[in-house]
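# Architecture and fold: a report
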Amino acid sequence: MKIAVVKGAEEGTVFRLHDGVNSVGRDVTSRVRLLDPRVSRKHCKIRKVGQSLFLSDLGTKNGTSVNGASVTEQELKLGDQIKVGSTILRVVGEDYVSEKIARLPRPVSSLRRFFTAIRREKAEAEVEEGEFRKFKRRRFRPIWRPSVDTDPPEGRQETVMSRTDPDS
């Protein structure tokens, strides 16, 4: 089960609840951390046992309400609305996706972005004039290349390259 922020500073955020105690509050260690100034550092806790959820208020000044009624302890069901400070949370199922996340574009891997950029660059190069395209593709010009029969005494020498790129 999950808790979704319906109204408040983190609207659209979804928190997954783990088995055991899940704390709700402004504290850094809270499982459901809310940045609402009307929420206490340790406001309430939601205990998950199997598929059951139990909410317990921790004696806060502003209190906790479920579906409009003030509570100290209550069993939660799917669809219940929890008001903590001025933030409203809703108990949702595992398959829930917030509208904010649903509207986001599908994530693209960096590898896919890389290959798309290469394809785009090749397409742009094909449009350009023939001679300019040849010049752009060939970036290095060999200056010295050893003949096939020679073997220098220092060991194998690499071919020395120089940049002929006009941008350098």
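Residues numbered from 1 in each chain as written. Predicted model: local features only at pLDDT ≥ 70, side-chain atom pairs only at ≥ 80, totals over all residues. Heavy atoms only, no water.

A cluster of nonpolar side chains, contributed by Leu111, Phe114, Phe115 and Ile118, occupies part of the molecular surface with about 380 Å² of accessible area. Relative to the helices and strands, Phe115 is located in helix H2 (residues 110-127). (Patch = residues over 30% accessible without salt bridge, like charges linked within 9 Å, V, L, I, M, F, W, Y side chains within 5 Å. Areas by Shrake-Rupley, 256 points an atom, 1.4 Å probe, with all protein chains shown as cover. Salt bridge = Lys/Arg side-chain N within 4 Å of Asp/Glu carboxyl O. Helix = DSSP H or I, 4+ residues; strand = E, 2+ residues; numbered from the N terminus.)

Enumeration according to the criterion identifies 1 aromatic pair in this entry. Arranged with centres 5.3 Å apart and planes meeting at 65°, the rings of Phe114 and Phe115 form a pair that is edge-to-face. (Phe/Tyr/Trp six-rings, centres within 6.5 Å; stacked < 30°, edge-to-face > 60°.)

Our focus in this paragraph is the environment of Arg33. The residue Arg33 is located in strand S4 (residues 32-33) in this model. With relative accessibility at 35%, the residue Arg33 sits in the partly exposed group. Remark: the alpha-carbon pair of Arg33 and Glu10, spanning 23 residues in sequence, is separated by 9.4 Å. Contacts of Arg33, omitting those with residues within four sequence positions, involve Glu10, Phe15, Gly25, Arg26, Asp27 and Val28. (Buried < 20%, exposed > 50% of the residue type's maximum accessible area, 1.4 Å probe, protein only. Contact = heavy atoms within 4.5 Å.)

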